[in-house]
Amino acid sequence: MRSTLEVTLPESSSGDSSAILQRVSGTLGRNLTVIEDLFGVRLRMVQNGIEIHSGRPDQASRARDVLDRLMREAERGRAYSAEEVRALVGGVGPEDRIGTTVTGKLIQPKTRNQKFYVDSIRKNDLTLAIGPAGTGKTYLAVATALEFLRDGRVKRVILTRPVVEAGERLGYLPGGYQEKINPYLRPLFDAMFDQLTPEKFMGLMDKQIIELAPLAYMRGRTFNDAFVILDEAQNTTPPQMLMFLTRMGADARMVITGDVTQVDLPPGALSGLVDAEQRLRSVPGIAVVHFDPSDVVRHRLVTRVLAAYQAGGRRQARRRG
């Protein structure tokens with residue numbers, strides 16, 4: 001049974017109704033799009049209000065609660081951004097702030113799973129983050145690592161990932177060692193450059209306070225007083241994962257991220273991330289965080305693409321069964 005609810009401005013409202021509704025809907029209606037995607041509803045602007053249409057009354061009710069909050073705040077002149085609406089739905093508050101970008105934009109979790117992820121990193125010596133692309137696994141890990149560095153909780157930040165090509169054979173790469181590995185480490189550079197100026201980043205690199213290196217260069221090392229991030233861990237083998245895990249030294253914090261649906265190892269090879277999640281899920285001091293398409297904070301179409309591929313995978317599995 002379909003449910004239709006309506007959120008309207010109170011009759012006592014003294015503000016300009018069109019301006020209030022504009023603040024509620026956000027720039028180009030992005031706030032409403034976020035609510036539609038998060039709750040699976042359809043919203044329609046009506047005179048002095050917004051209609052909510054949904055096949056699930058519980059989701060329509062939750063969407064109404066969020067719109068009620070936005071409406072009250074809009075009457076006071078407060079305008080939420082689309083990211084703030086995501087954070088509001090996820091139960092994220094000011095205390096969850098991690099830092100700011102180089103342009104002054106607030107960095108904080110935007111969904112419940114992202115909040116659980118950041119809380120897990122702060123509380124546990126080792127956190128495994130597993131989920132699809134675009135859910136903030138790497139970005140939030142880098143942001144939290146820089147938070148630990150600012151607070152003096154670690155002396156170094158080390159970022160690594162296995163050098164594995166994503167379904168292609170790139171062949172010989174020109175240049176020296178750094179030029180050869182830079183394409184593989186580029187996502188980590190991107191996360192850093194969003195949060196540090198190039199001058200600050202290069203200064204910390206020169207002092208070896210921040211280090212980016214392929215996983216193969218981790219063997220034989222021990223990381224003390226360091227925040228270590230292993231990215232794209234689905235492309236490790238179990239021996240590589242064990243090697244990495246045993247690098248942990250005194251006062252170290254480790255985060256391992258990956259998407260087990262995008263394994264680029266040879267066919268039939270076991271992913272070290274899959275193996276580690278099965279072995280470590282019940283070990284005290286280790287947190288395992290799972291993300292799903294609802295946590296994607298990229299373009300809204302990414303969420304729909306992931307859902308379509310997941311549905312296709314389930315249909316194929318049923319046919320094979």
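Residues numbered from 1 in each chain as written. Predicted model: local features only at pLDDT ≥ 70, side-chain atom pairs only at ≥ 80, totals over all residues. Heavy atoms only, no water.

Visitor: Any details on the overall build of the chain? Residues and values, ideally.
Guide: When you go through the chain residue by residue, the secondary structure sums to 11 helices and 11 strands. Expressed as a percentage of the 321 residues in the chain, the buried residues total 45%. Once local pairs closer than 6 in sequence are excluded, the contacts in the chain between residues at least 24 apart make up 70%. When the accessible surface of the chain is totalled, it reaches about 16,700 Å², and 51% of it is carbon and sulfur. (Helix = DSSP H or I, 4+ residues; strand = E, 2+ residues; numbered from the N terminus. Buried < 20%, exposed > 50% of the residue type's maximum accessible area, 1.4 Å probe, protein only. Contact = heavy atoms within 4.5 Å. Areas by Shrake-Rupley, 256 points an atom, 1.4 Å probe, with all protein chains shown as cover.)

Visitor: Got a sec to walk through the confidence of the model for the chain? Specific residues and values, please.
Guide: Per-residue pLDDT for the chain has a mean of 86; in total, 85% of the residues score no lower than 70. At the level of individual helices and strands, the chain shows its lowest average pLDDT in helix α11 (residues 300-320), which scores 65, and its highest in strand β6 (residues 126-130), which scores 98. Across residues 166-171, confidence stays below pLDDT 50; counting only partners more than four residues off in sequence or on other chains, it has five contacts. (pLDDT = per-residue confidence, 0-100.)

Visitor: Account for the packing of aromatic side chains, with residues named and values stated.
Guide: Within the structure shown, the criterion is met by five aromatic pairs. Measuring from ring centre to ring centre gives 5.7 Å for F189 and F201, while their planes differ by 75°; the resulting arrangement is edge-to-face. One end of the pair, F189, is in helix α7 (residues 177-195); the other, F201, is in helix α8 (residues 198-206), with 12 residues separating them in the sequence. F201 matches F189 in its accessibility class, with the two residues each being buried. Between the aromatic rings of F193 and F201, the centroid separation amounts to 5.0 Å while the plane-to-plane angle is 75°, which identifies the pairing as edge-to-face. For F193, a relative accessible area of 27% translates into the label partly exposed. Judged by relative accessible area, F201 falls into the buried class, the value being 0%. For R78, the ring lying beneath its charged end belongs to Y80, and the centroid distance is 4.0 Å. The aromatic ring of F148 is capped on one face by R153, whose charged end is 3.9 Å from the ring centroid. (Phe/Tyr/Trp six-rings, centres within 6.5 Å; stacked < 30°, edge-to-face > 60°. Lys NZ or Arg CZ within 6 Å of the ring centre and 35° of its normal.)

Visitor: An account of helix α10 (residues 272-280) is needed here, citing residue identities and associated values.
Guide: Within α10, the full set of buried residues consists of G272, L273, D275, A276, E277 and L280. Regarding α10, its N-cap is S271, as a side-chain oxygen of that residue lies 3.2 Å from the backbone nitrogen of L273 further along. (Polar contact = N/O pair within 3.5 Å; in protein donor to acceptor, adjacent residues only side chain to side chain.)

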